[in-house]
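Here are the chains, one letter per residue:
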Amino acid sequence: MTRRDDATALPAMEGRGFYNRNSAMQAAGIAVLAPLWDRACRTVAVDEAPLVVVDYAASQGRNSMAPMRAAIETLRARTRPDRPIEIVHTDLPSNDFASLFRALEEDPASYRSGLDGIYISAIGRSYFEQLLPDGRATLGWNTWSMQWLSEGVGGAADHALAGMTADPALAAAVRARQAADWRRFLAVRARELRRGGRLLTAYTARAEAEAGWEWLLGSLWEAILDLGRDGLLTAEEQRRLTIPIGLRTLAEIEAPFKAGDVRGLTLEHAELVRVPDPFRADFDRTGDARLFAQRHADTTRAWSGPALAGLLGPRDDNGAVIDALFARLAGRLAAAPQTHEPTLAVVLLRRD
Ligand SMILES: C[S@@+](CC[C@H](N)C(=O)[O-])C[C@H]1O[C@@H](n2cnc3c(N)ncnc32)[C@H](O)[C@@H]1O
């Protein structure tokens with residue numbers, strides 16, 4: 001591929017294993033996907049060609065353990081118990097791959113523990129490029145990443161998330177970028193998957209009326225404004241702190257298939273689900289609003305902190321400002337706790 005890939009410049013998740021320790025929300029969404037992933041593993045075409053499972057946007061790996069183990073078990077049950085299986089984890093070059101490999105060795109839930117014949121590798125390159133030779137992948141797994149745009153589309157004066165701005169011009173730029181990214185992602189995956197292969201991709205999206213992020217990211221925007229009032233952020237910096245994430249509707253997800261623009265892939269399943277709040281039950285039991293808020297603030301920091309630090313730019317006190325921002329977020333969430341149930345698009349594709 002010759003296209004210049006701007007996603008390569010995006011910062012990945014909060015490093016040193018912080019994302020692994022603070023991604024219960026994403027894990028809750030992954031649990032919802034288990035039946036559909038099981039269907040993909042049971043129906044994918046399997047013959048004597050090498051079995052290759054690709055985990056696109058693995059981050060630090062914790063949330064990949066259960067789906068990779070499920071794929072191994074089902075593929076071996078369908079073939080033979082000692083069948084060699086390759087697992088390929090991909091992410092951006094800035095990803096904390098060291099934590100991923102450490103989790104594979106040390107996490108009690110690691111899919112490789114107790115198993116022989118599992119061959120693991122990693123690719124540090126944006127998935128808007130073709131990452132594997134044609135027809136190489138048997139199964140593809142991709143969660144909680146395709147909401148990230150391949151590049152920023154500018155700052156919003158009214159929200160922390162590009163996909164939630166009310167500015168018509170910026171909203172149109174987000175929609176155009178996310179539509180092009182979706183087509184691009186599908187085109188390169190169609191090349192990589194072998195015939196009869198399956199790809200499950202699930203990412204946060206929006207129902208027509210709401211995204212499910214109104215409380216959490218509305219509060220993040222309020223926290224940005226707080227720091228502005230405190231003189232910690234200029235107006236220009238407040239505007240710049242716009243996370244390059246778009247939220248597709250189901251119609252936007254289905255559009256390239258309806259238009260006949262996706263060669264080689266059939267849309268087997270597409271729906272929007274609500275992800276349960278992983279911290280709510282504890283909160284109901286204990287009434288501890290501060291802990292509830294801190295968990296949500298840490299989870300939010302794990303996926304957005306490095307992007308916000310990058311958008312803030314080179315200030316000597318960059319780290320302190322980001323610390324202050326998430327302290328403000330935690331304070332706001334604790335003052336008005338709500339249930340966070342983001343919308344997740346769940347998509348299963350078959351390579352024809
Ligand atoms: C929220 S994490 C999801 C990690 C894991 N799949 C999960 O469900 O917990 C999003 C990941 O997407 C990665 N990502 C974002 N844009 C990407 C791109 N263009 N190519 C590859 N990875 C990308 C980020 O680096 C990050 O590790």
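Residues numbered from 1 in each chain as written. Predicted model: local features only at pLDDT ≥ 70, side-chain atom pairs only at ≥ 80, totals over all residues. Heavy atoms only, no water.

A few points about the overall build of the protein chain
Tallying secondary structure elements over the protein chain gives eleven helices and seven strands in all. Relative to the globule expectation of 20 Å for 352 residues, the C-alpha radius of gyration of the protein chain, 20 Å, shows essentially globular dimensions. Judged by the C-alpha coordinates and their principal axes, the protein chain covers about 65 × 45 × 35 Å. Within the protein chain, buried positions represent 55% of all 352 residues. For the protein chain, long-range pairs separated by at least 24 residues make up 85% of all intrachain contacts whose partners lie at least 6 apart in sequence. For the protein chain, the computed accessible surface area is about 14,300 Å², with 52% contributed by carbon and sulfur atoms. (Helix = DSSP H or I, 4+ residues; strand = E, 2+ residues; numbered from the N terminus. Rg over C-alpha atoms; globule rule 2.2 N^0.38 Å. Buried < 20%, exposed > 50% of the residue type's maximum accessible area, 1.4 Å probe, protein only. Contact = heavy atoms within 4.5 Å. Areas by Shrake-Rupley, 256 points an atom, 1.4 Å probe, with all protein chains shown as cover.)

What to know about the packing of helix 5 (residues 168-192) against helix 8 (residues 250-258)
Their axes nearest at 10 Å, the elements helix 5 and helix 8 cross at an angle of 50°. In terms of orientation, helix 5 and helix 8 fall into the oblique class. Seen along the crossing, helix 5 lies across helix 8 with a hand that is right-handed. Of the residues in helix 8, those in contact with Arg175, Gln178, Trp182, Arg183 and Leu186 of helix 5 are Glu252, Ile253, Pro256 and Phe257. Looking at the contact of helix 5 with helix 8 residue by residue, the class counts come to five nonpolar, one polar and three charged. (Axes fitted to C-alpha atoms, helices over the stretch in contact; angles between N-to-C directions. Parallel < 35°, antiparallel > 145°, perpendicular 65-115°, else oblique. Left-handed = near helix turned anticlockwise from the far one by under 90°. Nonpolar A, V, L, I, M, F, W, Y, C, P; charged D, E, K, R; others polar.)

Quick look at the packing of helix 6 (residues 214-229) against helix 11 (residues 318-335)
Contact geometry of helix 6 with helix 11 gives a least axis separation of 8 Å together with a crossing angle of 125°. Compared by their axis directions, helix 6 and helix 11 come out oblique. The element helix 6 and its partner helix 11 pack so that their crossing is right-handed. Contacts from Trp215, Leu216, Ser219, Leu220, Glu222, Ala223, Ile224, Asp226, Leu227 and Arg229 of helix 6 reach helix 11 at Val321, Ala324, Leu325, Phe326, Arg328, Leu329, Arg332 and Leu333. Considering only residue class, the contact of helix 6 with helix 11 consists of twelve nonpolar, one polar and five charged.

With respect to the pattern of salt bridges
Any two side chains of opposite charge can pair, on the condition that their charged atoms come close. Under the criterion given, the structure shown has 27 salt bridges. One salt bridge in this structure joins arginine 301 and glutamate 14, with 3.8 Å as the shortest N-O distance. Taken together, the residues arginine 301 in helix 10 (residues 289-312) and glutamate 14 in the segment before helix 1 (18-21) connect sequence positions 287 residues apart. Relative accessible area serves as the criterion here: at 14%, glutamate 14 is assigned to the buried category. (Salt bridge = Lys/Arg side-chain N within 4 Å of Asp/Glu carboxyl O.)

A look at the site of the ligand
For the ligand, the set of nearby residues contains 18 residues, the closest of which are Tyr19, Ala57, Asn63, Asp91 and Thr143. At 2.8 Å, a backbone N or O of alanine 57 approaches a nitrogen atom of the ligand. Here a nitrogen atom of the ligand and a side-chain polar atom of serine 126 are 3.1 Å apart. The pocket occupied by the ligand, as judged from atoms lying within 2 Å of grid points, is the largest cavity. When grouped by side-chain class, the residues that make up the shell around the ligand number eleven nonpolar, six polar and one charged. (Near = heavy atom within 4 Å. Polar contact = N/O pair within 3.5 Å; in protein donor to acceptor, adjacent residues only side chain to side chain. 1 Å grid on protein atoms, 1.4 Å probe; cavity = no way out; pocket = protein on both sides within 12 Å on 5 of 7 lines; lining within 4 Å. Sits in = over half its atoms within 2 Å of the grid points.)

A look at the nonpolar core
By size, the foremost hydrophobic cluster in this structure holds 74 residues, and its most contacted members are Trp37, Val53, Leu139, Trp213, Leu220 and Trp303. If one sorts the elements of this core by residue count, helix 10 sits on top with nine residues. Excluding residues within four positions of it along the chain, tryptophan 303 makes contact with Met13, Tyr19, Met25, Gln26, Trp148, Leu161, Trp213, Leu217, Ile243 and Ile245. Judged by nonpolar contacts, the second largest core, of 27 residues, contains Tyr56, Leu131, Trp182 and Ala205. (Core = buried A, V, L, I, M, F, W, Y, C linked by side-chain atoms within 4.5 Å.)

Points about empty space enclosed by the protein
Per the stated rule, a full pass over the model turns up one cavity of 30 Å³ or more. Considering only enclosed or pocket space, the largest cavity measures out at about 460 Å³ in volume. Contributing to the lining of the largest cavity are 35 residues, with Met13, Ala57, Trp144, Ser145 and Trp148 lying nearest its centre. Of all the secondary structure elements, the ones that give two or more residues to the lining of the largest cavity are helix 2 (24-43), strand 2 (85-91) and strand 4 (137-143). Looking at which element gives the most residues to the lining of the largest cavity, the answer is helix 2, with three residues. Considering only residue class, the lining of the largest cavity consists of 23 nonpolar, ten polar and two charged. (Points joined across faces, edges and corners; volume = space filled by probe spheres on them.)

Some words on the environment of asparagine 63
Tracing the sequence through the fold places asparagine 63 in the loop between strand 1 (51-56) and helix 3 (65-78). Residue classification places asparagine 63 among the buried positions, given a relative accessible area of 13%. Sequence-wise, asparagine 63 and asparagine 20 are 43 residues apart; in three dimensions their C-alpha atoms are separated by 7.6 Å. Not counting chain neighbours up to four residues away, the residues in contact with asparagine 63 comprise Tyr19, Ser23, Gln26, Ala27 and Ile30.

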